[in-house]
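# Structure at a glance
The lines below spell out each chain.
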Amino acid sequence: MQTPNRLKPFYENLVFEKEGNQMIVNFGPQHPSAHGQLRLILELDGEQVVKAVPDVGYLHRGMEKMAENMIYNEYLPTTDRMDYIAAASNNYGFALAVERLLDIEGEVPRRAEVIRVMLLELNRIISHLFWLATHALDVGAMSVFLFCFREREFAMDLMEDYCGARLTHSAIRIGGVPLDLPSDWIDNLHKFITKMPENIADYEGLLTENRIWKMRLEDVGTLSTEEAMSWGCSGPTLRGSGVAWDIRKEEPYGIYDELDFKVPVSDKGDSYGRYKLYMEEMQQSVEILHQTIPLYKKSPHGLMAKVPQYVSATKEELMTDNFALMQHFVLVTQGMRPPVGEVYVATESPKGELGFYINSQGDPYPYRLKVRAPSFFHTALLQEILVGTYLADVVTIIGNLNIVFGEIDR
Amino acid sequence: MREYQNRKNAQAKAYYSDRFYSAPPVPTTDVATDEVFAADLKSLESKFKIAKSYIQAGQMVLFINPEDIKAVMIHLKEELAYNFMSEMSAIDFLEKAGEFELFYQMLSMTKKKRLRVKFSIKEDQAVETISDVFSSANWAEREMFDMFGIIVNNHPYLKRLIMPEDWNSYPLLKTYPLIGDEAGQWYEIDTIFGKEHRAVVGPEIRDTKRVDAKDTTQFARVRHEVPYGEAPSSKPTNYAQFQEDGGVPLITKFNGEQKTLKDRK
């Protein structure tokens, strides 16, 4: 215990042990590099971490409880608030799970599927840019932060043009998408994605061969394949450990089976490998976006699935067809009643495997909804991966794992 | 948090149900229709008792004995190449059947197949940890304990994960109230006016969805607003003015050309 006096004031976050070199540091929950509300209790021996205990729950909003008391459409905007950096992927994960529960996956119009993939990949670029910006800032590269946020702003402008929101899009609905693309959106998107490879080359020019960047990232936070599999890592963290597993490729959903893209893998397992992988993934997202533009132009009109039992009709029909309006009224006030059963649907969010488990008992409210958030498992990994590293590398590893607390605490 | 009055099921209910409508089941198929799953099931059945098995939404669902869970997980991991545990948690069926249903969501990356292992336990029954087989279960089991109060035997660090340690009850139980501390709703009235005024003032309204049509202080019909405390009136009033009707203009001088960024990229 500390005995504070005027010469030795009381340190709230430090416990000094008289014998040996042991010290306990309370990292967070209010720490700029904790990427949200992460409290990390680190036991140090000198500068080396002996034990790390992550403490989460500071952003708990009870989203699984909320889901049980909301109709399905009502819950969709709530999913935005989970991984708020990539809200479209949450919307899509939830919408796809409900669609599979209702068995209307095949009813979603072609144009809606193309717009969904556009939003998802644009959101993936936004998320990866945010990751690179904050990670580089943590490690000490300020200019990369400014560069990335500039391009992220352009991508967010596109999002804003489409749905009016910059972070919480709610742009993907159960059964399709609410709106068609604005008239000049495709041109703006094309401008953005033709410029993007140059920007990625800029970031790589600043970082890839940068001596400091390499010293801070190489052989830091090394994760073996077995460890990554056992701890439930997914997405770039798993691919960074040499497992070529991308749900978009292996269990294709939407129109991903028609698109041509590569799944980058790094077998080094360290932070630098994962950094290279993120850069390559951004390139691949740009490739996918290039391919979706002709697909969009070829697609017939129609944005929402025509399943009157579950999905409201279009605005024109509501205004002209009395029965459609009645059905819409029932769907809005009471909610749809899906079949009795359960479904688990995994999608590839920018952070990894985002899964929605829904247990329906035939009521308008899900009986149980479980969100499998990738960051949750990546945070659990910290207690294993941080042991033996130096205090300065802790920030690198946290930043590199790309954790977002909205989806850890839910 | 204090103890609260126990309810059987606090979950929101549909206020109207068509008595002639019964929701259809999600279609299930026999395991024999899928070669890979059939082989997996055969391998498992040779060692363990499988109460029920079917394929739903493309994934095999297995019902096993709660005691077998660890052995089943080791078998799935080492023999059948299901080496990734995506998720595990519980479902509260206490009101209906007096038990929890646990599910373990498994993935095989070589077979590209997902299956779900399920079993039921009684309310006070504990389960065996699988965190030494799959480390991802470490936090998943802690979260389950935190949310349902299900004890996990031999877990390395079974401590509340998301809720504070001194929290009363478990949030994802169906009996858990949706409106928080019930004793707290009298706190302000008791401290400001005294307990005898409870009947006069009434309880604090905590239903966020409640709208009282006669409440003119919080809600009023648009353009029928009346001064504080007065009775609602059916005559239209002019208290609310809208810009479209020539009322309060929000922006007096707006030069759209000047402020719009035409081309940002």
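### Things to note about the overall build of chain A
- The helix and strand inventory of chain A stands at 16 helices and seven strands.
- Its C-alpha atoms give chain A a radius of gyration of 23 Å, within 12% of the compact-globule value 22 Å for 410 residues.
- Across its three principal axes, chain A shows a C-alpha extent of roughly 80 × 45 × 40 Å.
- Buried residues in chain A amount to 50% of all 410 residues.
- When contacts within chain A are restricted to residue pairs at least 6 apart in sequence, those whose partners lie at least 24 apart make up 69%.

### Focus on the overall build of chain B
- A tally of regular secondary structure across chain B gives seven helices and eight strands.
- Buried residues in chain B amount to 25% of all 265 residues.
- Sequence-distant contacts, at least 24 apart, represent 48% of the contacts inside chain B between residues at least 6 apart.

### Topic: the nonpolar core
All names here are of chain A.
- With 164 residues, the main nonpolar core has Ala-97, Val-98, Leu-122 and Leu-132 as its most contacted residues.
- With 17 residues, the single largest contributor to this core is helix H4 (residues 110–139).
- Leaving out residues up to four positions away in the same chain, Leu-132 has contacts with Val-144, Cys-148, Tyr-203 and Tyr-278.

### Comments concerning the packing of helix H3 (residues 87–102) of chain A against H4 of chain A
All names here are of chain A.
- The N-to-C vectors of H3 and H4 enclose an angle of 140°; their axes lie 8 Å apart at closest approach. One finds that H3 runs oblique with respect to H4. The way H3 lies across H4 gives a crossing that is left-handed. Between H3 and H4, the contacting residues are Ala-88, Ser-89 and Tyr-92 on the first element and Arg-116, Leu-119, Leu-120 and Asn-123 on the second.

### Description of the confidence of the model for chain B
- Residues of chain B with pLDDT of at least 70 account for 81%, and the chain-wide mean is 83.
- Of the two predicted TM-score estimates for the complex, the pTM is 0.85 and the ipTM is 0.86.

### Some words on the packing of helix H2 (residues 72–80) of chain A against H3 of chain A
All names here are of chain A.
- Packing of H2 against H3 brings their axes to within 8 Å, and their N-to-C directions diverge by 150°. Here H2 lies roughly antiparallel to H3, going by the angle between them. Regarding H2 and H3, the two cross each other, and that crossing is right-handed. Between H2, through Tyr-72, Leu-76, Thr-79 and Asp-80, and H3, the contact on the second element is made entirely by Ala-87, Asn-90, Asn-91, Phe-94, Ala-95 and Val-98.
- The class makeup of the residues in the contact of H2 with H3 is six nonpolar, three polar and one charged.

### Points about the domain arrangement of chain A
- Under the domain assignment, chain A is made up of domain 1 (14–55) and domain 2 (63–372).
- On a C-alpha basis, the centroid separation for the pair domain 1 of chain A and domain 2 of chain A is 34 Å.

### A look at the pairing of strand E6 (residues 113–122) of chain B
Residues and elements named next belong to chain B.
- One ladder, built from four bridges, connects strand E3 (residues 59–64) with E6; its direction is parallel. Residue pairing in the sheet places Leu-62 in a bridge with Val-117 of E6.
- Of the strand pairs in this sheet, strand E5 (residues 99–108) and E6 are connected by 10 bridges, and their pairing is antiparallel. Counterpart to Ser-108 in the pairing with E6 is Lys-113.
- Linking E5 back to E6 in an antiparallel pair, the connection comprises four residues, with Lys-112 at a positive phi of about 55°.

### Considerations on the sheet that holds strand E6 (residues 352–361) of chain A
Residue and element names in this part refer to chain A.
- Pairing is antiparallel across the open sheet formed by three strands, whose spatial order is E5-E6-E7. Looking at the sheet topology across the chains shown, the edges are occupied by strand E5 (340–349) and strand E7 (368–372). Neighbouring strand axes in the sheet, compared pairwise and without regard to direction, differ in orientation by 10° on average.
- Here five bridges tie E6 to E7, and the two strands are oriented antiparallel to one another. Residue Tyr-357 lies in a different strand from E7, and its bridge partner there is Lys-370.
- Along the sheet face, H3 touches E5 and E6 and points at about 150° away from the line of E5.

### Some points on the pairing of E7 of chain A
All names here are of chain A.
- Where burial is concerned, most of E7 is hidden: five out of the five residues are buried.
- Residues Arg-368, Lys-370 and Arg-372 of E7 are buried on one face, and the alternating residues Leu-369 and Val-371, pointing to the opposite face, are buried as well.
- Linkage of E6 to E7, two consecutive antiparallel strands, is achieved through a turn of six residues, within which Gly-362 is found at a positive phi near 90°.

### Here we look at the interface of chain A and chain B
- Contacts between the two partners involve 49 residues from chain A and, on the opposite side, 36 residues from chain B.
- Looking at which element gives the most residues to the side of chain A that touches chain B, the answer is E5 of chain A, with six residues.
- Considered class by class, the residues forming the side of chain A that touches chain B number 21 nonpolar, 11 polar and 17 charged.

### Looking at unusual backbone geometry
- Even without being a glycine, Asn-402 of chain A presents a positive backbone phi close to 60°.
- Note on placement: Asn-402 of chain A falls in the loop between helix H15 (391–400) and helix H16 (405–409).
- Backbone geometry at Ala-57 of chain B places phi at a positive 50°, although glycine is not the residue there.
- For Ala-57 of chain B, the location among the structural elements is in the loop between strand E2 (50–56) and E3.
- Ala-57 of chain B gets classed as buried once you count the C-beta atoms within 10 Å, which come to 20.

### Examining the sheet that holds strand E1 (residues 28–29) of chain B
All names here are of chain B.
- Here we have six strands laid out as an open sheet, ordered E1-E2-E3-E6-E5-E4, and mixed in their pairing. The outermost strands of the open sheet, each flanked by one partner alone, are E1 and strand E4 (84–93).
- Pairing geometry for E1 and E2, over two bridges, is antiparallel. Among the inter-strand pairings, Thr-29 is bridged to a residue of E2, identified as Ile-55.

### Let's talk about H2 of chain A
Residues and elements named next belong to chain A.
- For H2, the set of buried residues is Tyr-72, Asn-73, Tyr-75, Thr-79 and Asp-80. Projection of H2 onto a plane perpendicular to its axis shows the buried side chains occupying an angular sector of 165°, all on one side.
- Looking at the buried side of H2, the elements it contacts are helix H1 (63–68) and H3.

### What to know about the environment of Leu-119 of chain A
All names here are of chain A.
- Tracing the chain through its elements places Leu-119 in helix H4.
- Take Leu-119: there are 24 C-beta atoms within 10 Å of it, and that puts it in the buried class.
- Remark: the alpha-carbon pair of Leu-119 and Ser-299, spanning 180 residues in sequence, is separated by 16 Å.
- For Leu-119, the residues in contact, after removing those within four places along its chain, are Ala-88, Ala-171 and Ile-172.

The rules behind each value
Residues numbered from 1 in each chain as written. Chains lettered and ligands numbered in written order. Predicted model: local features only at pLDDT ≥ 70, side-chain atom pairs only at ≥ 80, totals over all residues. Helix = DSSP H or I, 4+ residues; strand = E, 2+ residues; numbered from the N terminus. Rg over C-alpha atoms; globule rule 2.2 N^0.38 Å. Buried ≥ 20, exposed ≤ 12 C-beta atoms within 10 Å, placed from the backbone. Contact = placed C-beta atoms within 7 Å. Core = buried A, V, L, I, M, F, W, Y, C linked by C-beta atoms within 7 Å. Axes fitted to C-alpha atoms, helices over the stretch in contact; angles between N-to-C directions. Parallel < 35°, antiparallel > 145°, perpendicular 65-115°, else oblique. Left-handed = near helix turned anticlockwise from the far one by under 90°. pLDDT = per-residue confidence, 0-100. Nonpolar A, V, L, I, M, F, W, Y, C, P; charged D, E, K, R; others polar. Domains from an automatic or database assignment. Pairing = 2+ DSSP bridges. Arc of directions from axis to C-beta.

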